[in-house]
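Single-letter residue listing:
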Amino acid sequence: MVTALPPAAIDIVFGRQHLFFRAGVWFRPEGPNYVVVAPPGVVAPVLPPSYSTVWIGGASYYYANGVYYTQAPGGYAVAPTPPGYDAATMQPPPGVPPPVAQSTPGTRFVYPRNGQTEPHDC
């Protein structure tokens, strides 16, 4: 809980409530204060500055602070965590083999950010 929003927080109206977004953190008013919340399926006009692009099941997602986003009209929609993935680690559950990568022109590489294994193409 914080008593004031960070500078330049974006006010996003979702249904009948206001949510505030700044650098990948979502806030909801609670009395005179603000609490950090997991965002509902809202559309943010920008991605957090520290996002990573990940490909899961052939679809691209943008991931930051435990939240997945997909491109949507007007910005980036908060997406449900892809089935079988942990929102906090971006990893499949233990025992699930990683998908086999096929190298093609324009191959993207994923580099470790949070203690993951060696980089691999995807």
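Anything mentioned here points back to the structure above.
A short tour of the structure in this document, coming up.

The rules behind each value
- Residues numbered from 1 in each chain as written.
- Predicted model: local features only at pLDDT ≥ 70, side-chain atom pairs only at ≥ 80, totals over all residues.
- Heavy atoms only, no water.
- Salt bridge = Lys/Arg side-chain N within 4 Å of Asp/Glu carboxyl O.
- Buried < 20%, exposed > 50% of the residue type's maximum accessible area, 1.4 Å probe, protein only.
- Helix = DSSP H or I, 4+ residues; strand = E, 2+ residues; numbered from the N terminus.
- Pairing = 2+ DSSP bridges.
- Phe/Tyr/Trp six-rings, centres within 6.5 Å; stacked < 30°, edge-to-face > 60°.

In this structure the tally under the stated criterion is one salt bridge. A salt bridge links Arg28 to Glu30; the nearest nitrogen and oxygen atoms lie 3.4 Å apart. The class for Arg28 is partly exposed, based on a relative accessible area of 30%. On the basis of relative accessible area, Glu30 is assigned to the partly exposed category, the value being 37%.

Here we take up the environment of Ala9. One can find Ala9 in the segment before strand E1 (10-14). Once the C-alpha coordinates of Ala9 and Arg22 are considered, the two residues, 13 residues apart in sequence, prove to be 4.7 Å apart.

Below, the discussion takes up the pairing of strand E6 (residues 52-56). Every regular strand shows the same layout, with side chains that alternate between the two sheet faces. Only one face of E6 is covered, namely the face carrying Ser52, Val54 and Ile56; the face carrying Thr53 and Trp55 is uncovered. Hairpin geometry of E6 and strand E7 (residues 59-64) is characterised by an intervening segment of two residues between the two adjacent antiparallel strands and by a positive phi of about 60 degrees at Gly57.

Turning our eyes to something else, we now look at the packing of aromatic side chains. Going through the model one piece at a time under the given rule, you end up with six aromatic pairs. Between Tyr61 and Tyr68, the ring centres sit 5.8 Å apart and the planes meet at 80 degrees, which makes this aromatic pair edge-to-face. Per residue, the accessibility class of Tyr61 equals that of Tyr68, and both read buried. Both rings, one in Tyr62 and one in Tyr76, keep their centres 5.5 Å apart while their planes meet at 85 degrees; by these two values the pair is edge-to-face. In this pair, Tyr62 is assigned in strand E7 and Tyr76 in strand E9 (residues 75-79), connecting sequence segments 14 residues apart. The residues Tyr62 and Tyr76 share a single accessibility class, namely buried.

By themselves, these figures tell us nothing about what the structure is for.
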